[in-house]
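Summary of the model geometry
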Amino acid sequence: MMGVPVCSTTCWKNSNNRLYSRMNEIEHAISDATGCTFRSASSSSIAGGCINQASRITGEDERQYFIKKNQPSFLPFFEAEAHALIEIKNTKTVRAPEVITYGTGSDQAYLVLEYIEEGATSSAGQAELGTQLARLHRVNQPFFGWSMDNCIGATPQPNPRSDDWVSFYRDHRLAHQFELAARKGRKFEGSQTLLDSLDSFFYNYSPPPSLLHGDLWGGNASQDSKGHPFIFDPASYYGDREADLAFTYMFGGFSSSFYNAYEREFPLDSGFKQRKTLYNLYHELNHFNLFGGGYASSAQSSINQLVHTV
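In this text the structure is predicted, and so the values were computed from the model without any measurement. (Residues numbered from 1 in each chain as written. Predicted model: local features only at pLDDT ≥ 70, side-chain atom pairs only at ≥ 80, totals over all residues. Heavy atoms only, no water.)

Quick word on the overall build of the protein chain
- Helix and strand content of the protein chain: nine helices and 11 strands.
- For 310 residues, the compact-globule estimate of 2.2 N^0.38 gives 19 Å, and the protein chain sits close to it at 20 Å.
- Its C-alpha atoms give the protein chain principal-axis dimensions of roughly 60 × 45 × 35 Å.
- Counting every atom, the protein chain has about 13,900 Å² of accessible surface; 48% of that belongs to carbon and sulfur.
- Across the protein chain, 26 positive and 33 negative side-chain charges occur, with their mean positions spaced 2 Å apart. (Helix = DSSP H or I, 4+ residues; strand = E, 2+ residues; numbered from the N terminus. Rg over C-alpha atoms; globule rule 2.2 N^0.38 Å. Areas by Shrake-Rupley, 256 points an atom, 1.4 Å probe, with all protein chains shown as cover. Lys, Arg positive; Asp, Glu negative; His and termini not counted. Charge placed at Lys NZ, Arg CZ, Asp CG, Glu CD.)

The structure is reproduced here in structure tokens:
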């Protein structure tokens, strides 16, 4: 199956008529997109995550698709995800699910994707993913930011065009998350000092813009039934490739085969070890803003560590 999406299941209570109407809308959208009439034979929920309702739909002709649903207001985020998947796919580096269609119906937004059957994880597949991700990052991009804003989890992620990575990361990643935290009544000691001294972490290091997955934790990468890797649920933008690599360490799920293969294809700068903490701070802050709890102390610990090195 597709694996566990970043955010996937919300329980909705609907009448049978409304459920039929919703499915009928999606069947028509798939038929229009593929040029071949699609009629659903079965649908099964895929559990996990926190935002979208996710399912696998099987047609009478045995075609299978992966579907995400949410409220109509969520359509711009599905559109951004679709654009990211298409852009990743067009690099011909690492596999991403094919986008079938997306849109809104009577009371829902939806995104329909190719359904990829998962297989067992292997060292060879991890190495292949490392090589392919490095090749994705090697593709030159024209600027930092992206063509549209999107979201990281459920948090809006601004992606204005910029020619300067340090100011982009300061203003549209860290400062953005600090502001969201302040609205929740949480201020982080040393945050302004860190923002003011951000240039010091990029001494003799000026990264080119790379297309990033943007949310590359272990739950958003898998291997298909033939052992080949694929990635999904992106929060893409053009940024420093180290930001993608850093997040792979935060929750684990990537083996030494992955990292060794990446390094062979596209060696990392020696300052990555320190900047890894800086880049994962963004995700610690985002997880605090989404879920609260112990992520505040993790973020504060990272800030303390970073400020101490300035």
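Now, onward.
Examining the sheet that holds strand β5 (residues 109-114)
- The antiparallel open sheet is built from five strands, whose spatial order is β1-β2-β3-β5-β4. Because the sheet does not close on itself, it has two edges, and the strands there are β1 (40-45) and β4 (99-104). Averaged over neighbouring strand pairs, the angle between their axes works out to 20° when direction is ignored.
- For strand β2 (residues 53-59) and strand β3 (residues 64-70), the ladder comprises six bridges, and the chain directions are antiparallel. Directly across from Q53, in β3, lies its bridge partner K69.
- Packed onto the sheet, helix α2 (residues 75-90) meets β3, β4 and β5 and runs at close to 165° relative to β4. (Pairing = 2+ DSSP bridges. Axes fitted to C-alpha atoms, helices over the stretch in contact; angles between N-to-C directions. Contact = heavy atoms within 4.5 Å.)

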